[in-house]
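Analysis of the macromolecular model
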Amino acid sequence: MSTPPSMYGSAASLPPPSPLSQAVDSVMGDTDVSPPEDPLSGVPELKTYMTDDEEERIAALRLAADSIAQMRQAANNALITHPLNMTIAVAVVALVARYMVESKQDTYLAGTTCAGIIMAVLAGFRYLTKDYLFAAEAINWDWLGDADVIITTFGEEVIGTVIVDWVSGESRQKRKKAWKGEIKAYTVRLKYRRKGVGSALLEEAVKEAKKKGAETIEFADDHANSQRVLPSFYNGVFDKRERKARELLQDLLQTSPGRGKKK
């Protein structure tokens, strides 16, 4: 009844619906569906290995030198934030400000004087930690010597290194002189720390020690980050890092496969 009079008799002559108006068969669609993209495509490869390449060894030396220079910044922060130093600095500034106010000095002059005192204190802190820069400058080819350089690369970037020197030492079995590894430097670029890169470096160093038949591997007493230029109560952050690194190395030595034959 709702069909208009003009459409009477024309409904039967309508053309069949187009195939495209129907749902497309799933088989046909499968031929045009591209495989899902790999979420890791384009991500640089992470590799840890021993290198003889000169450019990579230079990058490792620079990384070790940078880690020493960064110790200066950490030492400055320790000086600034130490409760004793903060108390003394605040007390000095307060006494100077009080004296100038009571002597009716200009407020602007009092403010600039207090600011000058703070700047002088900060400059003194930087002077006290200058030896870290000298230690960083000492990381060169002569310092490296014949040591092996193990690096971790992220793409083309060297993001971590452990430098191992092989020296003779007294065997625990009292048989003869036995080789041992001494870690001269161990560092990871700042933004890649706490991501397992350091563990992989030490694990590779332990594997290399086993390949060489070394009896053990340990941190050298004078490794690159061993220097302390401030009194011991300012070095808590450095001591904590070194303690964790030594504990990690010992754990890897205990869990690594048996020592290989000496070559």
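Residues numbered from 1 in each chain as written. Predicted model: local features only at pLDDT ≥ 70, side-chain atom pairs only at ≥ 80, totals over all residues. Heavy atoms only, no water.

Looking up the protein chain in an unreviewed UniProt entry gives the name N-acetyltransferase domain-containing protein, with the organism given as Oleoguttula mirabilis.

A few words on the overall build of the protein chain. A tally of helices and strands in the protein chain yields 8 helices and 5 strands. Starting at the N terminus and walking to the C terminus, you meet the elements of the protein chain as α-β-α-α-α-α-α-β-β-β-α-β-α. For the protein chain, the residues scored as buried account for 33% of the 263 residues in total. For the protein chain, restricting intrachain contacts to residue pairs at least 6 apart in sequence, the fraction spanning at least 24 positions comes to 73%. Accessible surface, the protein chain as shown: approximately 17,600 Å² in total, 58% of it carbon and sulfur. (Helix = DSSP H or I, 4+ residues; strand = E, 2+ residues; numbered from the N terminus. Buried < 20%, exposed > 50% of the residue type's maximum accessible area, 1.4 Å probe, protein only. Contact = heavy atoms within 4.5 Å. Areas by Shrake-Rupley, 256 points an atom, 1.4 Å probe, with all protein chains shown as cover.)

Moving on to the packing of helix 7 (residues 197-212) against helix 8 (residues 236-255). Two elements in contact, helix 7 and helix 8, have axes whose closest approach is 10 Å; the angle formed by their N-to-C orientations is 50°. One element, helix 7, and the other, helix 8, form an angle in the oblique class. Relative to helix 8, the crossing made by helix 7 is right-handed. Counting all contacts with helix 7, which are made through Ser199, Leu202, Glu203 and Val206, the residues of helix 8 involved are Ala245, Leu248, Leu249, Leu252 and Leu253. Tallied by class, residues from the contact of helix 7 with helix 8 come to 7 nonpolar, 1 polar and 1 charged. (Axes fitted to C-alpha atoms, helices over the stretch in contact; angles between N-to-C directions. Parallel < 35°, antiparallel > 145°, perpendicular 65-115°, else oblique. Left-handed = near helix turned anticlockwise from the far one by under 90°. Nonpolar A, V, L, I, M, F, W, Y, C, P; charged D, E, K, R; others polar.)

So, on to unusual backbone geometry. Despite not being glycine, Arg194 shows a phi value in the positive range, around 65°. The class of Arg194 is exposed, set by a relative accessible area of 83%.

A few words on the side chain of Asn225. Residue placement: Asn225 occurs in the loop between strand 5 (216-219) and helix 8. A polar contact is formed between the side chain of Asn225 and the side chain of Ser67, at a distance of 3.2 Å. (Polar contact = N/O pair within 3.5 Å; in protein donor to acceptor, adjacent residues only side chain to side chain.)

What follows concerns helix 4 (residues 107-128). For helix 4, which comprises 22 residues, the first-to-last C-alpha distance of 32 Å matches the rise-based estimate of 32 Å (1.5 Å per residue) to within 8%. Of the positions making up helix 4, those classed as buried are Ala110, Cys114 and Phe125. End-on, the buried residues of helix 4 take up no more than an arc of 60°, which puts them together on one face. Along helix 4, the residues that are exposed and aim more than 90 degrees away from the buried face are Tyr108, Met119 and Tyr127. Looking at the buried positions of helix 4, the neighbouring elements they touch are helix 2 (54-81) and helix 3 (83-102). (Expected span 1.5 Å × (residues − 1). Arc of directions from axis to C-beta.)

Here helix 3 spans 28 Å end to end across 20 residues, near enough to the 28 Å set by a 1.5 Å rise per residue. Of all the positions in helix 3, only Asn85, Val93 and Met100 are classed as buried. Viewed end-on, helix 3 has its buried residues packed into an arc of 55°, placing them on one side of the element. Counted as exposed and oriented over 90 degrees from the buried face of helix 3: Pro83, Thr87, Val90, Leu95, Arg98, Tyr99, Val101 and Glu102.

All chains considered together, the criterion is met by 8 salt bridges. In this structure, the salt-bridge partner of Glu102 is Arg98, at a minimum N-O distance of 3.0 Å. A residue pair is termed a helical-turn pair when its members lie 3 or 4 positions apart in one helix, as Glu102 and Arg98 do in helix 3 at 4 residues. Note on accessibility: Glu102 and Arg98 belong to one class, exposed. Residues Arg189 and Glu157 are paired through a salt bridge, measuring 3.3 Å at the closest nitrogen-oxygen approach. (Salt bridge = Lys/Arg side-chain N within 4 Å of Asp/Glu carboxyl O.)

The grouping of Arg194, Lys240, Arg241, Arg243 and Lys244 at the surface amounts to a positive patch. Tracing the sequence through the fold places Lys244 in helix 8. (Patch = residues over 30% accessible without salt bridge, like charges linked within 9 Å, V, L, I, M, F, W, Y side chains within 5 Å. Lys, Arg positive; Asp, Glu negative; His and termini not counted. Charge placed at Lys NZ, Arg CZ, Asp CG, Glu CD.)

UniProt annotation of "transmembrane region" (unreviewed entry) refers to residues 80-101 and 108-129 when read in the numbering used here. Between the end C-alpha atoms of residues 80-101 there is a gap of 26 Å, over a span that is 95% helix and 0% strand. Structurally, residues 108-129 comprises 95% helix and 0% strand, and the distance from its first C-alpha atom to its last is 32 Å. (UniProt positions renumbered as here; feature names shortened; annotations may be inferred.)

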